[in-house]
2 protein chains.
Amino acid sequence: MSAQRTTLADVAASAGVSVSTASLAFSGSGPIADATRSRVLAAARALGYAGPNPLGRQLRRGRSGIVGVIMGDALRRAFRDPVAVQVLDGLTGTLGPLGLGVLLIPGPDDPSQPAVDPLLESAAMDVAVQMWGGTTDDPVLEMLRRRGTPTVLVEGTPQPDVAAVGIDDHGGMIELTQHVLGLGHTRIATVTMPFDRDRSEGAADPVRLAGISWEITRRRLAGVTDAGVTPTVVWETPASLVENGAAAGRALLSRPDRPTAIVCQSDLLASGVVLAARELGLRVPQDVSVAGFDGLDLPWLAPDVLTSVAQPLAEKGAAIGEAVAELLAGRTPEPRVLPVQLRIGTTTGPVPPGA
Amino acid sequence: MSAQRTTLADVAASAGVSVSTASLAFSGSGPIADATRSRVLAAARALGYAGPNPLGRQLRRGRSGIVGVIMGDALRRAFRDPVAVQVLDGLTGTLGPLGLGVLLIPGPDDPSQPAVDPLLESAAMDVAVQMWGGTTDDPVLEMLRRRGTPTVLVEGTPQPDVAAVGIDDHGGMIELTQHVLGLGHTRIATVTMPFDRDRSEGAADPVRLAGISWEITRRRLAGVTDAGVTPTVVWETPASLVENGAAAGRALLSRPDRPTAIVCQSDLLASGVVLAARELGLRVPQDVSVAGFDGLDLPWLAPDVLTSVAQPLAEKGAAIGEAVAELLAGRTPEPRVLPVQLRIGTTTGPVPPGA
DNA sequence: CTGAAAGCGCTAACAC
DNA sequence: GTGTTAGCGCTTTCAG
């Protein structure tokens, strides 16, 4: 088409005004005569000019209008997690009206990959959102700090210069565990989310338990132990998805010292455990109680309804969006901890008589 | 912290070299003495400079490194569709290594919203990907053309200056319908994806049928009719999700002239129909056959396996990524139509004797 | 191998 | 109301 993209200068020349005036015609801010504006816009239309080049505008303003969202996982896994998706939805809902766009940044996939996605070093973004916690000494947070990118940390341990949004998962987990204890269970196993980027799978030994670097995993596990339970097994999964829960369930429920209750760190994991139990011919909750965390709506588990701890997902997304807006305004948002709520379903019941 | 962000010029001054030399130290391209480079990098580290400001670089290069992905739906819905998610995953997989990031752009939500998301007018992007077809006279494509943004259209009708990636859904639908016909069915209903931004729900009358603006919906419906079937009912849904399929199923299967087979335009819709059938006490496929489209893995439908037309989702994502790369290289990628494959499951069977 | 200079396209003071 | 001017931070010729 054109050898040279048409610029605001071309439009201004064509309309017989200065560039700054032409700029005003588009930005709307600042005083400009209606007649002048429409003359500029007409010239623009005639030249096929679709509005100011965002790149020039961004450099000048020092703002890209982009919020980098670091998913807690490779995108393929992240998108399979309704928790991530619903939070993301709540977030985009508040960001959109602010004229901010979401740039997806994959989280760690496997240890063979670099620890931080290259986009994190090179992409333009005004604010970053680190979804899903973060690890101790997180290389992502370190990178962000080096770049001077204001950051919202979701489900992480509060840090000096980082905004925080989270839920009371520790408290929720205590409550959930107490519910299970109240039903008389003593042989209680727990299925956790990944410990670290290594993503091992299986029963965790004490050494491994001492080195959980995923903060959210550690905090939820602490909820179980702080409720006074020493799990018969702490089963680590490589990802918080149904199939990982199913694998955990198969393993735990085939043991000679089969637990009478399994407390899981997510609903997806828990529903996998329920499926595994059914598969093994065990009745839930008569033979084994299963509890999850998140409060998802899982219609395909019907007729069962998972006992779980509900977290306000859309509100969490909105809270993140508000924190982003605060940071952009140069303010420091207060850390927010959203409440959770124990929701008793049909998958937990009294300890079996014989056990 | 600093009143002024440190720039490449600061680093250069501190290292005692010119800005252009400092630039070379970071970009790597171009000749530079090792000693000089390390001196620059040391100075950068000392000043807490994390690398060139992307905004400056982008303006200079005329490239943002951003690919805008226009989801076919409001994000909240889009992310609930495994088809969209898996394609997106395949896409990011090929884009990542190219140093390109994905900016999420919501598609139309409901008619009360503006037809094109504001991001589309204002965000910087080198290429746009319009997922999930497009409508006739799509305002999105028009906007993109006006802005001069090279575009990849997924599942849309090929256009002069737009790259296209799609699947042979028309052919797949014909094959699927023929399979159903071969089983002896004559009372065949079909459940479609939305017709347009209005997102009506219910049996479509001839007037409405004549005005389907969602191209993908029209093409798949044409597959059914081109196989020689006149559906007893064409049921339009407001979104391609399980609950919409369930609603359709309840309605269609409660009619006096209950169809013996229901061909759906997506697996999500089809699985909703299967659930509705079970709910109504109908056996699939003994009482009613149900077929879908996409070839998703739907374990929770077990023990049923949906009869469907499988499309290569990850490959589709990769093909889109390749088209993006071509456009960025200034070339015009050939339109690509990926093959689909009929996959017969357990949800279709012979027409019931009495019917 | 290194430096000087030009300019990507735009906006925001500031002067008129 | 409108024009002039000065950069935003960087990369890339082009000389040296």
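By the naming in an unreviewed UniProt entry, chain A goes by LacI family DNA-binding transcriptional regulator and is assigned to Cellulomonas dongxiuzhuiae.

A. Geometry of the protein's contact with DNA strand C. Around DNA strand C, the surrounding shell holds 20 residues, and the nearest of these are A:Leu8, A:Tyr49, A:Asn53, A:Arg60 and B:Thr36. The protein-proximal atoms of DNA strand C, defined as those within 4 Å of the protein, are 65% sugar or phosphate. B:Ala33 has a polar backbone atom sitting 2.8 Å from a phosphate oxygen of DNA strand C. A distance of 3.4 Å separates a base nitrogen of DNA strand C from a polar atom in the side chain of B:Arg60. Those elements giving two or more residues to the surface near DNA strand C turn out to be α2 (19-27) and α4 (54-61) of chain A together with α2 (19-27) and α4 (54-61) of chain B. If one sorts the elements of the surface near DNA strand C by residue count, α4(A) sits on top with 3 residues. A per-class count over the surface near DNA strand C returns 8 nonpolar, 9 polar and 3 charged.

B. How the structure looks around the packing of aromatic side chains. Residues and elements named next belong to chain A. Tallied over the full model, the rule gives 3 aromatic pairs over all chains. With a centroid separation of 5.4 Å and 65 degrees between ring planes, the pair formed by Phe26 and Tyr49 is classed as edge-to-face. Taken together, the residues Phe26 in helix α2 and Tyr49 in the loop between α3 (34-47) and α4 connect sequence positions 23 residues apart. Residue Phe26 is classed as partly exposed on the basis of its relative accessible area, which comes to 24%. Owing to a relative accessible area of 8%, Tyr49 belongs among the buried residues under this scheme.

C. A look at the domain arrangement of chain A. As assigned here, chain A comprises domain 1 (8-52), domain 2 (66-166 + 313-337) and domain 3 (169-310). Distance from the C-alpha centre of domain 1 of chain A to the C-alpha centre of domain 2 of chain A: 37 Å.

D. How the structure looks around the sheet that holds strand β5 (residues 163-167) of chain A. Pairing in this open sheet of 12 strands is mixed, and the strands run β12(A)-β5(A)-β4(A)-β3(A)-β1(A)-β2(A)-β2(B)-β1(B)-β3(B)-β4(B)-β5(B)-β12(B) from one edge to the other. Of all strands in the sheet, those with a lone pairing partner are β12 (336-338) of chain A together with β12 (336-338) of chain B, marking the two edges. For this sheet the average axis-to-axis angle between neighbouring strands, irrespective of direction, equals 20 degrees. Pairing of strand β4 (residues 151-154) of chain B with strand β5 (residues 163-167) of chain B, which is carried by 3 bridges, proceeds in the parallel orientation. When the bridges of β5(B) are listed, B:Leu153 appears paired with B:Ala164.

E. Geometry of the relation of the copies chain B and chain A. Structural alignment of chain B on chain A gives an RMSD of 0.1 Å, achieved by rotating through 180 degrees and translating 0.0 Å along the axis. Read as a symmetry element, the transformation amounts to a two-fold axis. Using C-alpha coordinates, one finds that chain B approaches the rotation axis most closely at B:Leu103, a distance of 2.2 Å. Looking at chain B, 100% of its interface residues are interface residues in chain A too, so the copies touch through the same face.

F. The arrangement of the protein's contact with DNA strand D in detail. Contacts to DNA strand D come from 20 residues, most closely from A:Thr36, B:Leu8, B:Tyr49, B:Asn53 and B:Arg60. Near-protein atoms of DNA strand D (within 4 Å) split between backbone and bases, with sugar and phosphate holding 58%. Take A:Arg60: an N or O atom from its side chain is 3.2 Å from a base nitrogen of DNA strand D. Within the backbone of B:Leu8, one N or O atom sits 2.5 Å away from a phosphate oxygen of DNA strand D. Where the surface near DNA strand D is concerned, the elements lending two or more residues are α2 and α4 of chain A together with α2 and α4 of chain B. If you tally residues by element for the surface near DNA strand D, the top one is α4(B), at 3 residues. Counted by class, the surface near DNA strand D contains 8 nonpolar, 9 polar and 3 charged residues.

G. Quick peek at unusual backbone geometry. In this model, A:Ala302 is joined to A:Pro303 through a cis peptide bond whose omega is 10 degrees. As for its placement among the helices and strands, A:Pro303 is situated in the loop between β10 (289-291) and β11 (308-310). Geometrically, the link from B:Val284 to B:Pro285 is a cis peptide bond, its omega value of 10 degrees lying close to zero. Looking at the secondary structure, you find B:Pro285 in the loop between α13 (267-279) and β10 (289-291). Notably, A:Glu155 is not glycine yet its phi reads approximately 65 degrees, a positive angle. In this fold, A:Glu155 is placed in the loop between β4 (151-154) and β5.

H. Representation of the sheet that holds strand β8 (residues 234-236) of chain B in the model. All names here are of chain B. On the basis of which strands lie adjacent, the open sheet formed by 5 strands has the order β7-β8-β6-β9-β10 and mixed pairing. Bordering the open sheet on either side are β7 (202-203) and β10, each of which pairs with just one other strand. Where strand β6 (residues 188-192) meets β8, 3 bridges bridge the pair, whose relative direction is parallel. Note on β8: the bridge partner recorded for Thr192 is Glu236. Contacting β6, β9 (261-264) and β10, helix α9 (residues 169-182) runs over the sheet at an angle of about 170 degrees to β9.

I. Structural context of the side chain of B:Thr192. With respect to the secondary-structure elements, B:Thr192 resides in strand β6. Contacts of B:Thr192, omitting those with residues within four sequence positions, involve B:Thr217, B:Val234, B:Trp235, B:Glu236, B:Thr237, B:Gln265 and B:Leu269.

What counts, and where the lines are drawn
- Residues numbered from 1 in each chain as written.
- Chains lettered and ligands numbered in written order.
- Predicted model: local features only at pLDDT ≥ 70, side-chain atom pairs only at ≥ 80, totals over all residues.
- Heavy atoms only, no water.
- Near = heavy atom within 4 Å.
- Polar contact = N/O pair within 3.5 Å; in protein donor to acceptor, adjacent residues only side chain to side chain.
- Helix = DSSP H or I, 4+ residues; strand = E, 2+ residues; numbered from the N terminus.
- Nonpolar A, V, L, I, M, F, W, Y, C, P; charged D, E, K, R; others polar.
- Phe/Tyr/Trp six-rings, centres within 6.5 Å; stacked < 30°, edge-to-face > 60°.
- Buried < 20%, exposed > 50% of the residue type's maximum accessible area, 1.4 Å probe, protein only.
- Domains from an automatic or database assignment.
- Pairing = 2+ DSSP bridges.
- Axes fitted to C-alpha atoms, helices over the stretch in contact; angles between N-to-C directions.
- Least-squares fit on C-alpha atoms with pLDDT ≥ 70 in both.
- Contact = heavy atoms within 4.5 Å.

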